[in-house]
Amino acid sequence: MDARYLKATTVLPLDVKVCGKRLMPFCIRHRVQLEAIDSPFLNHQDRSFKVMDVIYAVRVMSTLGKARINAPITLSEQFHIIYLNANRNRLARAVGRVLGIMFESCSYPKLWSKQDNKTKEKIPWTLACVANNVRNGCSLEEAWTMPEGEAVWMSISHGIYNGSDIEIISTDDDNMITDFDNIINRFKENKN
């Protein structure tokens, strides 16, 4: 069985607290809410993290409901703003915890690339994933709040079951491709 699938479907909520709140497994609802505020947690390669980025991410990821991102800052949040601003290492640890929960919940399948398939996205992939899971029997709330990797695996499996031309690369095949690429690269290095 594919290791990424096993990881996606056996994610247990870790007891990770950031700013005094326990974070939930990262789900599609969290992703959409963080996209809405252009959070660096979704595209962190080009951006640095600020304390308020952590505060907003914690607001979103500490509940499975719709977070009130623009609510006034609470007294507890004010304390954590001061606490995280006082020491960059504390901020870095908080960022690491949030990213850890996100990465733990996002074990996606790898798909074979189809070069001739260049369709434009008509709806966001997050909405397509939720809609596909709801159409195939999940409740709306469950489709929005299950760990993201599990939701993606379910949506893709529904698509395959319904006749979509999707091929998943197993972890064994992926490892063989990586090994082959490494051999080719070593051969090229030795040739030069």
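The paragraphs below set out a description of the structure included in this document. Because the structure is a prediction, the values reported are computed rather than measured. (Residues numbered from 1 in each chain as written. Predicted model: local features only at pLDDT ≥ 70, side-chain atom pairs only at ≥ 80, totals over all residues. Heavy atoms only, no water.)

**Side note on empty space enclosed by the protein**
Where we set the bar: The distinction between a cavity and a pocket rests on a 1 Å grid over the protein atoms alone: a 1.4 Å probe fits inside a cavity but cannot get out, while a pocket stays open yet meets protein on both sides within 12 Å along at least five of seven lines, and a residue with an atom within 4 Å of a point counts as lining. Grid points are joined across faces, edges and corners, and a volume is the space filled by probe spheres set on the points. Helix and strand labels come from DSSP, where a helix needs a run of H or I of at least four residues and a strand needs a run of E of at least two; each type is numbered from the N terminus. Only Asp, Glu, Lys and Arg are considered charged, only Ala, Val, Leu, Ile, Met, Phe, Trp, Tyr, Cys and Pro nonpolar, and every remaining residue, Gly among them, polar.
All told, the structure shown has two cavities of 30 Å³ or more when counted by the stated rule. If you trace the largest cavity, you find it lined by Cys19, Lys21, Ile55, Val58, Arg59, Ser76, Glu77 and His80. Contributing elements (two or more residues each) for the lining of the largest cavity: helix H3 (51-61) and helix H4 (75-85). The residue inventory of the lining of the largest cavity, partitioned by class, reads three nonpolar, two polar and three charged.

**Section: the nonpolar core**
The nonpolar side chains of a soluble globular protein tend to be buried with one another. Note the threshold: Here, the term nonpolar core denotes a set of buried Ala, Val, Leu, Ile, Met, Phe, Trp, Tyr and Cys residues that are joined through side-chain atoms within 4.5 Å. Each residue is assigned to one of three classes by its accessible area relative to the maximum for its type, calculated with a 1.4 Å probe on protein chains only: buried under 20%, partly exposed between the two thresholds, exposed over 50%. Whether two residues are in contact is decided by their heavy atoms, any of which lying within 4.5 Å being enough.
Ranked by internal contacts, the top residues of the largest apolar core, which has 27 residues, are Val18, Leu23, Phe41, Val54, Met61 and Val98. Where this core is concerned, the elements lending two or more residues are H3, H4 and helix H5 (88-105). Residues in contact with methionine 61, not counting those within four places in the same chain, are Arg22, Leu23, Met24, Phe26, His30, Leu34, Val98, Ile101 and Met102. Of all hydrophobic cores here, the second largest spans ten residues; its members include Ile28, Ala143, Val152 and Ile156.

**Here we look at the packing of helix H6 (residues 125-135) against helix H8 (residues 148-161)**
Operational definition: What counts as an axis is a line fitted to C-alpha atoms, over the stretch in contact for a helix, and the angles between N-to-C directions run from 0 to 180 degrees. With respect to orientation, any angle under 35 degrees is reported as roughly parallel, any angle over 145 as roughly antiparallel, any angle of 65 to 115 as roughly perpendicular, and every other angle as oblique. By definition, any crossing whose near helix is turned counterclockwise from its far helix by less than a right angle is left-handed, and any crossing with a clockwise turn is right-handed.
Between H6 and H8, whose axes approach to 9 Å, the crossing angle comes to 65°. When the axis of H6 is compared with that of H8, the two are roughly perpendicular. You can see that H6 and H8 cross each other, and the crossing is left-handed. Between H6, through Trp125, Ala128, Cys129, Asn132 and Asn133, and H8, the contact on the second element is made entirely by Glu148, Ala151, Val152, Met154, Ser155, His158 and Gly159. Partitioning the contact of H6 with H8 into residue classes produces six nonpolar, five polar and one charged.

**Looking at the pattern of salt bridges**
This is how the line gets drawn: Here, a salt bridge means any side-chain nitrogen of Lys or Arg that lies within 4 Å of a carboxyl oxygen of Asp or Glu.
Inspection of the entire model under this criterion finds four salt bridges. A salt bridge links arginine 22 to aspartate 15; its shortest N-O distance comes to 3.6 Å. The exposure class assigned to arginine 22 is partly exposed, which follows from its relative accessible area of 33%. Residue aspartate 15 is classed as exposed on the basis of its relative accessible area, which comes to 62%.

**Comments concerning H8**
The criterion, for reference: Here the expected span of a helix is defined as 1.5 Å times the quantity of residues minus one.
Given a rise of 1.5 Å per residue, 14 residues ought to cover 20 Å, and the 20 Å separating the end C-alpha atoms of H8 matches this to within 8%. Three or more residues of H8 are buried, namely Glu148, Gly149, Ala151, Val152, Trp153, Ser155, Ile156, His158 and Gly159. Looking one or two residues beyond H8, the residue adopting positive phi is glycine 163, at roughly 100°.

**Concerning the environment of serine 62**
Relative to the assigned elements, serine 62 resides in the loop between H3 and H4. Residues serine 62 and phenylalanine 26 lie 36 residues apart in sequence; the distance between their C-alpha atoms is 9.5 Å.

**Some remarks on unusual backbone geometry**
With phi around 55°, cysteine 19 is a residue other than glycine that occupies positive phi space. Residue placement: cysteine 19 occurs in the loop between strand S1 (17-18) and strand S2 (21-22). Using a relative accessible area of 13% as the deciding quantity, one classes cysteine 19 as buried. Positive phi is not limited to glycine here, since aspartate 38 has a value of about 55°. Tracing the backbone shows aspartate 38 in the loop between helix H2 (28-36) and H3.

**Re the environment of phenylalanine 26**
Within the fold, phenylalanine 26 resides in the loop between S2 and H2. Taking the C-alpha atoms as reference, phenylalanine 26 lies 7.5 Å from cysteine 106; in sequence the two are 80 residues apart.

**Comments concerning the packing of aromatic side chains**
The test is simple: Side-chain rings of Phe, Tyr and Trp (the six-membered ring for Trp) are treated as a pair once their centres are within 6.5 Å; stacked means planes under 30 degrees apart, edge-to-face means over 60, and tilted covers the remaining angles. A ring is scored as having a charge over it whenever the NZ atom of a lysine or the CZ atom of an arginine sits within 6 Å of its centre and within 35 degrees of its normal.
The final tally for this structure, using the stated rule, is two aromatic pairs. Between phenylalanine 41 and phenylalanine 49, the aromatic rings sit 4.6 Å apart at their centres with planes inclined by 45°, giving tilted as the arrangement. By the burial criterion, phenylalanine 41 is buried, and phenylalanine 49 matches it. Centre to centre, the rings of phenylalanine 79 and tyrosine 83 are 5.9 Å apart; their planes meet at 20°, and the pair counts as stacked. On the criterion of helical spacing, the pair formed by phenylalanine 79 and tyrosine 83 is a turn pair, its members being four residues apart in helix H4. In this structure, arginine 90 packs its charged tip against the face of tyrosine 83, placed 4.1 Å from the ring centre.

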